[in-house]
Every structure is written in C-alpha cells, then in structure tokens.
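# What the coordinates show
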Amino acid sequence: ESAPASDPAARTMSPLGAYLAARHAQQQHDYDAAAHYISRALGADPGNSELVRRAFLFRIGGGDITEALPLATRIADLDRHAGIADLLLVLQAMKAKHYDEALKRAQALPKDGVERLAAPILAAWAEMGLGKPDAALALLSDTKAAGAIPELTAFQLALIADRADRIDIAATNYENLTRGAAHLTWR
C-alpha cells in the first residue's frame, strides 16, 4: 500500500510513528490516511486487537468495505459482541445470498445497542431470503416490543409483507405509518 502523496516520509515511518500519524489523520477526519497508517502499525503488530479494531473503523469511515471485511471477521472471532463488525458480516452474508449464515449471525447479535434494533429486522429479511415469509412476518409482528422503534419495525413489516404478496398486511402497516406520522418523509 502506498503512502499518502502528502507524506513522503511515511515509507520509513516506525510503527509508533504510523500509529500517531493514524490518530492525527483520524482527528482530521481523513479516514483513508488513518487507515493507511494504522495498517502500517498493524503490520508490525498483527496480533494487536486494538489496532485491528481501529483499522476496521478507519476502513468503514473511509467507505472501504472490501478492506474492512477481513478485519470484521478477525474482530468477530476475537469478540462475541463485535458490534459494527457483526452487522457488516450479516449484511455481507445477505449480499452474497447466504441467508442461512445471515440468519445465524443476526440471531447471535448482541441484545443491546443498535444491534438490538437491527437484529430482528435483519433476521426477518434473512427469513425472506430463505423463502419463509411467515417466519419473517412473525419476527416483526410486535411493533411495540421492548426496545423496538415502532415506526421502523412497522415500515420493515410493510416492506416484507409487500414483498411476500401479503398486500393486506402491507396496506395496514403503510396506512398506520402515514396516519400516525406528523411529518412524513419522502421515503
């Protein structure tokens, strides 16, 4: 990986210097440079879980999902509650149409934080991918479940029902959303 054009000394930089340069780039919101520098530091200490996490977050921050995926796998292997890394792996499995894997990963998401909100929605879409619309609809049927965002859950329920040709369920949920919303968005 080449050094950022603005820093010709980066090629001879020590691992500590690379780490410090990554932190500085992060403070400047230059996630591409931060990812480059932290990757250099990680190369010198590949078993350092903190560097793996930072490299992952910088790759995500810079929009480099391809480079973030192997890091997400390493993080998930190190930590059963890997947060964003787990979410990325669920989404990657869905994108690859590996719905069994996506469902298992969604069901194993932590029960707190943003994962608690995403898990039932992701699991429902994985069930749809497996051709199980009844299971998908059942996962989202309680829009008032603890911790759920009722509007988001109802919207996803409507989309899944629509996709499953359950027009009556879709229509009911769309109507409830439009009737209860004070400020409708274009979506």
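These remarks concern the structure in this document.

Here is what the cut-offs are and how they apply
- Residues numbered from 1 in each chain as written.
- Predicted model: local features only at pLDDT ≥ 70, side-chain atom pairs only at ≥ 80, totals over all residues.
- Heavy atoms only, no water.
- Helix = DSSP H or I, 4+ residues; strand = E, 2+ residues; numbered from the N terminus.
- Buried < 20%, exposed > 50% of the residue type's maximum accessible area, 1.4 Å probe, protein only.
- Contact = heavy atoms within 4.5 Å.
- Areas by Shrake-Rupley, 256 points an atom, 1.4 Å probe, with all protein chains shown as cover.
- Arc of directions from axis to C-beta.
- Axes fitted to C-alpha atoms, helices over the stretch in contact; angles between N-to-C directions.
- Parallel < 35°, antiparallel > 145°, perpendicular 65-115°, else oblique.
- Nonpolar A, V, L, I, M, F, W, Y, C, P; charged D, E, K, R; others polar.
- Polar contact = N/O pair within 3.5 Å; in protein donor to acceptor, adjacent residues only side chain to side chain.
- Expected span 1.5 Å × (residues − 1).

### A short note on the overall build of the protein chain
Counting its secondary structure elements, the protein chain contains ten helices and zero strands. If you list the helices and strands of the protein chain from N to C, you get α-α-α-α-α-α-α-α-α-α. Scored against the burial criterion, the 187 residues of the protein chain give a buried share of 37%. In the protein chain, of all internal contacts separated by at least 6 residues, the share reaching a separation of at least 24 is 42%. Carbon and sulfur atoms make up 55% of the accessible area of the protein chain, which totals about 11,000 Å².

### Focus on helix H6 (residues 99-107)
Side chains that are three or four residues apart share a direction in an α-helix, a result of its 3.6 residues per turn. Those residues of H6 lying buried are Ala102, Leu103 and Ala106. Looking down the long axis of H6, one finds its buried residues gathered within 100 degrees of arc, a one-sided arrangement. Structurally, H6 contributes buried residues whose contacts are with helix H5 (84-95) and helix H7 (113-129).

### A look at the packing of H7 against helix H8 (residues 133-140)
Closest axis-to-axis distance for the H7/H8 pair is 7 Å, and the angle between their directions is 170 degrees. Of the possible angle classes, the one that applies to H7 and H8 is roughly antiparallel. Along its contact with H7, which presents Pro120, Ile121, Ala123, Ala124, Glu127 and Met128, the element H8 presents Pro133, Ala135, Ala136, Leu139 and Leu140. Taken together, the residues of the contact of H7 with H8 break down into ten nonpolar, no polar and one charged.

### Observations concerning the side chain of Arg59
Here Arg59 lies in helix H3 (residues 49-61). Take Arg59: its relative accessible area is 8%, and that puts it in the buried class. Only 3.2 Å separates the side chain of Arg59 from the side chain of Ser39, close enough to count as a polar contact.

### Looking at helix H4 (residues 65-78)
For H4, built from 14 residues, the straight-helix expectation of 20 Å at 1.5 Å per residue is met to within 8% by its first-to-last C-alpha distance of 19 Å. Among all positions in H4, only Ala68, Leu69, Leu71, Ala72, Ile75 and Ala76 are buried. Among the structural elements, helix H2 (31-44), H3 and H5 are those in contact with the buried residues of H4.

### Focus on unusual backbone geometry
The backbone phi angle of Lys97 is positive, close to 65 degrees, even though this residue is not glycine. Its place among the elements puts Lys97 in the loop between H5 and H6. Under the relative-accessibility criterion, Lys97 is labelled exposed at 60%. For Asp165, which is not glycine, the phi dihedral falls at a positive 60 degrees. Here Asp165 lies in the loop between helix H9 (150-163) and helix H10 (167-180). Looking at Asp165, the relative accessible area reads 62%, which means it is exposed.

### Notes on the environment of Pro46
Tracing the sequence through the fold places Pro46 in the loop between H2 and H3. When sequence neighbours within four positions are dropped, the list of residues in contact with Pro46 reads Val52 and Arg74.

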